[in-house]
Amino acid sequence: MKIALLTLFLSGLLSCAPLHSFKRDRKLFEQSAVTMKFIAVADMNDSYFEIRENNFFEFYRQLFDSVKNTQYPGTYTRTGDTLLLNFYDKKGIDILGTKAWLNPHKKEIRFFK
């Protein structure tokens, strides 16, 4: 019984690790201004990708212009027109991938796994 409780506790603690590291960076993240914003409009959920100062980004979805219903912040490294994405919550990789290509002249972004 003790082993089962310890295993449950440790798995819960480890699953919170990405959120814990974001909590550490949250203040700097919130102070960072948005430098570029991309929007994809859908029937119910609109998707937003914001590039911020201090090498932060945020991907989130909103239902009918209301509150954010999913949020995947992270950091990036930029090389030319390519961003290497590092999500705090690794579920963001399943949605967008680990790389993004920017075309600021056409105001578009493409994501790659």
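Look up a bit, the structure's there.
Residues numbered from 1 in each chain as written. Predicted model: local features only at pLDDT ≥ 70, side-chain atom pairs only at ≥ 80, totals over all residues. Heavy atoms only, no water.

1. Some remarks on the overall build of the chain
The line we're drawing: Numbered from the N terminus, helices here are DSSP runs of H or I no shorter than four residues, and strands are runs of E no shorter than two. Note on exposure labels: buried denotes an accessible area under 20% of the residue type's maximum, exposed denotes more than 50%, and partly exposed covers the range between, all computed with a 1.4 Å probe on protein chains only. Here a residue-residue contact requires only that any non-hydrogen atoms of the pair lie within 4.5 Å. Each accessible area is a Shrake-Rupley estimate made with a 1.4 Å probe; only the visible protein chains count as cover when residues are assessed.
Scanning the chain for helices and strands turns up 3 helices and 7 strands. Across the chain, helices and strands are ordered from the amino to the carboxyl terminus as α-α-β-β-β-β-β-α-β-β. The burial tally for the chain puts 29% of its 113 residues in the buried class. Look at the contacts in the chain between residues 6 or more apart in sequence, and 21% of them connect residues 24 or more apart. Put simply, the chain shows about 7,900 Å² of open surface, and 59% of that area lies on carbon and sulfur atoms.

2. Description of unusual backbone geometry
A positive phi angle, near 60°, is found at N54, a position not held by glycine. Look at K107: it is not a glycine, yet its phi comes out positive at around 55°. Locating K107 in the fold gives a position in the loop between β6 (99-103) and β7 (108-112).

3. Examining the sheet that holds strand β2 (residues 45-52)
Just so we agree on the cut-off: For two strands to pair, DSSP has to find at least two bridges joining them. Helix axes are fitted only over the stretch in contact, all axes being lines through C-alpha atoms; the angle between N-to-C directions runs from 0 to 180 degrees.
Read across the open sheet, the 7 strands follow the order β1-β2-β3-β4-β5-β6-β7; overall the sheet is antiparallel. In this open sheet, the two edge strands, each paired with only one partner strand, are β1 (34-40) and β7. When strand polarity is set aside, the average angle formed by the axes of neighbouring strands in this sheet is 30°. Judged from the 8 bridges that link them, β2 and strand β3 (residues 56-63) form a sheet pairing that is antiparallel. The residue bridging N45 from the neighbouring strand is L63, located in β3.

4. Section: the nonpolar core
Where we set the bar: Among buried residues, the Ala, Val, Leu, Ile, Met, Phe, Trp, Tyr and Cys ones that are joined through side-chain atoms within 4.5 Å form a nonpolar core.
Within the largest apolar cluster, 14 residues are counted, with the highest numbers of intra-cluster contacts made by F49, I51, L83 and L85. Looking at this core, the elements with two or more residues in it are β2, β3, β4 (68-79), β5 (82-87) and β6. Ranked by residues supplied to this core, first place goes to β5 with 3 residues. Apart from the residues within four sequence positions on either side, L83 is in contact with I51, Y76, T77, R78, T98, K99, A100 and L102.

5. Quick word on the pairing of β2
Within β2, 7 of the 8 residues are buried, which leaves it mostly tucked inside the rest of the structure. Pairing of β1 with β2, which is carried by 6 bridges, proceeds in the antiparallel orientation. Paired with A40 across the two strands is S47, which belongs to β2. Connecting β2 to the antiparallel partner β3 that follows it, the hairpin turn spans 3 residues, and N54 within it adopts a positive phi of roughly 60°.

6. Concerning the packing of aromatic side chains
As a reminder of what qualifies: Between rings of Phe, Tyr and Trp, where Trp is taken as its six-membered ring, a pair exists when centres lie within 6.5 Å; planes separated by under 30 degrees are stacked, by over 60 edge-to-face, and by other angles tilted. We count a charge as sitting over a ring when the NZ of a lysine or the CZ of an arginine lies within 6 Å of the ring centre and within 35 degrees of the ring normal.
Tallied over the full model, the rule gives 8 aromatic pairs. Measuring from ring centre to ring centre gives 5.3 Å for F22 and F29, while their planes differ by 75°; the resulting arrangement is edge-to-face. We classify F22 as buried; its relative accessible area is 5%. A centroid spacing of 6.3 Å and a plane angle of 20° characterise the contact between F59 and Y72, whose relative ring orientation is stacked. Taken together, the positions of F59 in strand β3 and Y72 in strand β4 put the pair 13 residues apart, joining distant regions of the chain. The pair formed by F59 and Y72 is uniform in burial state, with each residue classed as buried. Taken together, the aromatic side chains of F22, F29, F56 and Y88 make up a single cluster linked through ring pairs. Directly above the ring of F29 sits R52, whose terminal nitrogen or CZ lies 4.4 Å from the centroid. Directly above the ring of Y60 sits K68, whose terminal nitrogen or CZ lies 4.3 Å from the centroid.

Geometric descriptors of this kind do not, in isolation, establish any biological role.
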